[in-house]
Amino acid sequence: MPPLLRATPRQRAFQAFPAARAGVSVTRLGYCRFASSSQKSVHGTTTSRRTCTPSVNRQRSALISSSLSWNIQQKWSSTVAIDPKMYTTSFAFFEALWDAGVTHVFVNLGSDHPSIIEAMVKGAREKKGQFPRIITCPNEMVAMSMADGYARLTNKPQAVIVHVDVGTQGLGAAVHNASAGRAPILVFAGISPITQEGELRGSRTEFIHWIQDVPDQKQIVAQYCRYSAELKTGVNVKQMVNRALQFAKSAPQGPVYLCGSREVMEQEIEPYSIQQDEWDPVELGGLPGSAVSKIAEALAGAERPLLITGYAGRNPEMPAKLVELANTVKGLRVLDTGGSDMCFPADHPAWLGLRYGNEEAIQTADTIIVLDCDVPWIPTQCKPRSDAKIFHIDVDPLKQVMPLFYIKAQARYRADAMASVDQILAALQSDESLRTKLAGGASEQRWTALQTSYRERIDGIASRAKPLDNGEFGTGHLCSKLRELCPEDTIWAVEAVTNTLFVHDNIQPTKPGQWINCGGGGLGWSGGGALGVKLASDHEAKLQGHEHGKFVVQIVGDGSFLFSVPGSVYWIAKRYNIPILTIVLNNKGWNAPRRSLLLVHPDGLGAGATNDDIHIAFNPSPDYAGIAKAAAGGDVFAERVDQAADLVDVLKRAIQAVQNGQTAVVDCKVASGC
């Protein structure tokens, strides 16, 4: 029997009606009511066939006449008495998330979420330890960035709940980042109620329900999502959740979006479960046999082989596999052009570091393997030589969400990166003729030359990272000191924009999962992203019996810091005890627009203009550490530093504060270009 209407004489008449207790319900048809045999509808109410027997009619008439007078034309109320044992679409939704491995839900709640809130309370009381942890986020971008950071570190999808169309729009650039960065996230939003006269539980009760009713809410984010759909009924909510997560977890991974009206989420359904092992993501295979032979022969015969990657390091086993490939093909160099993950360790001679599509090795290579990479080079700045053999291996070699993308390649393959490298290694190590080529004197000469160039590269980075003569310092010097002072297994969450290359050159990450850069161009990722990374690291550590996870450092430009909604970020850090170290690279404004200007108009009017003239300066400079401290109610280690002589002391105290459980924000004034 559906939940009873509250605070109306009709409720009391219905409760007293013997036919209702016998499985016969009262249903409305226009202004006429009739008795019927109960049958559940998709909305949890009852459908019927007419069975108005004389005896039932007499009972009904007696009840109506003896009850308090109520108008036969009175509308159904959408306010109901809640049965604590009620099992709704919303509760099944959370069960589906948990069973699918979603451990955290980042929420920003609104008028579309009454049943969601009821389900959260019910879950906390009845399913403790078997229900997702709820994290309140005062801003939607921060919520999704937290889910992004969590998913990127663990490769486990997390969920976000936002409020109708406005909350969906509030996700903003975070949806772009998750899509470009291949982060598996499930987003759920309510939609305005689909009834307005109390026909169903959840019907419209507030003025805003009309204002927020839009033609197709999911289209706000659909082009960034791997899948988007509306929940039409509760009876298959678990299947819909798992279908969405299949898309999110299948390569290329990314966000998915579900929405549902209050009426659907309030629907009372029968408890049920599904076979979770039937909902695994789609698995990609490896390369065709002919492709393996072609690529292996090209690598073995190359004089200047190069591998370019961007996302391969998302698989924590991939860096070691690429090291094995570099040790097998002596002279192979590895270039990271995405910076999204730690793909190749900086302590190997084949390391070329992180460059955004512009590196001399691209122009000189005679064989290039492009492996899980979105932008291997920028043709207007740098492109391969005309006779280079190029092979493109990717989960999405056509880049189906990019209207414009193509690279010159002998062949391109949709294949799993790990499986492909395994196949190529097996061919190189088993084929006698290929082994002979790889063991020759020319191969040893390339190996020696590679080691020499590597030492020169590391020495050059160190020389450029020295403090300036006036006592100031650049990003390179700052990051070299961070590398020395922070724990060896620190996780770096980086959104340094124009300073990213200086950060990567001097941090020199070596461990899988140690470097996580914003996957897209939506500035403001790193605040929530760093919190999500730390939350994930702590959670995974506790599952393994450790008290705390790894030390997490956010390195962020001053403009990106403002985009990150620090008022929300540092409130969450305090509320949920998620201590991180934030380093703000304060160069007094947005330098990226100036760089873009000079690439197109190197001799234009803007080239000689000041940052104030082109409206990218931050004058006066905000008190970034003070903003964070205010948001956390004063409980943040907050410092400014602008002289190299003071830097080490400030960093040591900040690191100690974080290790003691307090978030720290250090505002570092950095010189440009170093």
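Residues numbered from 1 in each chain as written. Predicted model: local features only at pLDDT ≥ 70, side-chain atom pairs only at ≥ 80, totals over all residues. Heavy atoms only, no water.

## Thoughts on the sheet that holds strand β20 (residues 581-586)
Next, step 1: Taken in spatial order, the 6 strands make up an open sheet running β18-β17-β19-β20-β22-β21, and their pairing is parallel. With partners counted over all chains shown, the strands left at the sheet margins are β18 (515-517) and β21 (637-641), one partner each. Going across the sheet, the axis of each strand differs from the next one's by a mean of 15 degrees, ignoring polarity.
Next, step 2: Pairing between strand β19 (residues 552-557) and β20: 5 bridges, direction parallel. By the bridge assignment, isoleucine 555 is partnered in β20 with isoleucine 583.
Next, step 3: Along the sheet, helix α24 (residues 624-631) contacts β20, β21 and β22 (664-669); its crossing angle with β22, the most-contacted strand, is approximately 165 degrees. (Pairing = 2+ DSSP bridges. Helix = DSSP H or I, 4+ residues; strand = E, 2+ residues; numbered from the N terminus. Axes fitted to C-alpha atoms, helices over the stretch in contact; angles between N-to-C directions. Contact = heavy atoms within 4.5 Å.)

## So, the pairing of β19
Next, step 1: Counting buried residues along β19, 6 of its 6 residues qualify, which places the element largely inside the surrounding structure.
Next, step 2: Residue alternation in β19 divides its side chains into two sets, Val552, Gln554 and Val556 and Val553, Ile555 and Gly557, and both sets are buried. (Buried < 20%, exposed > 50% of the residue type's maximum accessible area, 1.4 Å probe, protein only.)

## Focus on the pairing of β21
Every other side chain in a regular strand lies on the same face of the sheet, so the side chains alternate between the two faces.
Next, step 1: Pairing between β21 and β22: 5 bridges, direction parallel. Along β22, the bridge assignment pairs alanine 638 with valine 665.
Next, step 2: Read as a crossover between parallel neighbours, the route from β21 over helix α25 (residues 644-659) to β22 is right-handed. (Right-handed = clockwise from strand over helix to strand, strands pointing away.)

## Details of the side chain of threonine 89
Next, step 1: Mapping threonine 89 onto the fold places it in helix α4 (residues 89-99).
Next, step 2: A relative accessible area of 0% places threonine 89 in the buried class.
Next, step 3: Within the structure, threonine 89 has its side chain in polar contact with the backbone oxygen of valine 264 (distance 2.7 Å).
Next, step 4: Leaving out residues up to four positions away in the same chain, threonine 89 has contacts with Gly234, Val237, Val264, Met265, Gln267 and Ile269. (Polar contact = N/O pair within 3.5 Å; in protein donor to acceptor, adjacent residues only side chain to side chain.)

## Some words on the packing of α4 against helix α10 (residues 237-249)
Next, step 1: Where α4 meets α10, the axes come as close as 9 Å, and the angle between the chain directions of the two elements is 40 degrees. By the criterion of interaxial angle, the relationship of α4 to α10 is oblique. Crossing of α4 against α10: the hand is right-handed. Between α4 and α10, the residues in contact are Thr89, Ala92, Phe93, Glu95, Ala96 and Leu97 and Val237, Lys238, Val241 and Asn242, respectively. (Parallel < 35°, antiparallel > 145°, perpendicular 65-115°, else oblique. Left-handed = near helix turned anticlockwise from the far one by under 90°.)

## Considerations on the environment of tyrosine 224
Next, step 1: Along the chain, tyrosine 224 falls in the loop between α9 (208-211) and β9 (227-231).
Next, step 2: The spacing of tyrosine 224 and alanine 180 is 44 residues in sequence and 8.4 Å in space, taken between C-alpha atoms.
Next, step 3: Setting aside anything within four residues of it in sequence, one finds tyrosine 224 in contact with Val175, His176, Ser179 and Pro255.

## Looking at the pattern of salt bridges
Next, step 1: Following the criterion strictly, the structure yields 27 salt bridges and no others.
Next, step 2: Put simply, lysine 481 and glutamate 484 hold a salt bridge, and the shortest N to O gap is 3.6 Å. Of the two residues, lysine 481 and glutamate 484 are both situated in helix α18 (residues 475-485); the distance of 3 residues between them amounts to about one turn of the helix. (Salt bridge = Lys/Arg side-chain N within 4 Å of Asp/Glu carboxyl O.)

## Looking at unusual backbone geometry
Next, step 1: Cis peptide bonds are those with omega within 30 degrees of zero, and the linkage from alanine 251 to proline 252 qualifies with -5 degrees.
Next, step 2: Inspection of the secondary structure puts proline 252 in the loop between α10 and β10 (255-261).
Next, step 3: Positive phi is not limited to glycine here, since asparagine 155 has a value of about 60 degrees.
Next, step 4: Along the chain, the position of asparagine 155 falls in the loop between α6 (140-154) and β7 (158-162).
Next, step 5: A positive phi angle, close to 55 degrees, is found at valine 497, a residue other than glycine.
Next, step 6: Looking at the element boundaries, valine 497 is found in the loop between β17 (491-495) and α19 (500-507).

## Looking at the packing of helix α20 (residues 525-543) against helix α22 (residues 566-575)
Next, step 1: Look at α20 against α22: their axes get within 9 Å of each other, and the N-to-C directions meet at 15 degrees. Taken together, the axes of α20 and α22 are roughly parallel relative to one another. α20 and α22 meet at a crossing whose hand is left-handed. On α22, the residues touching Gly527, Gly528 and Leu531 of α20 are Val569, Ile572 and Ala573.
Next, step 2: Split by residue class, the contact of α20 with α22 holds 4 nonpolar, 2 polar and no charged. (Nonpolar A, V, L, I, M, F, W, Y, C, P; charged D, E, K, R; others polar.)

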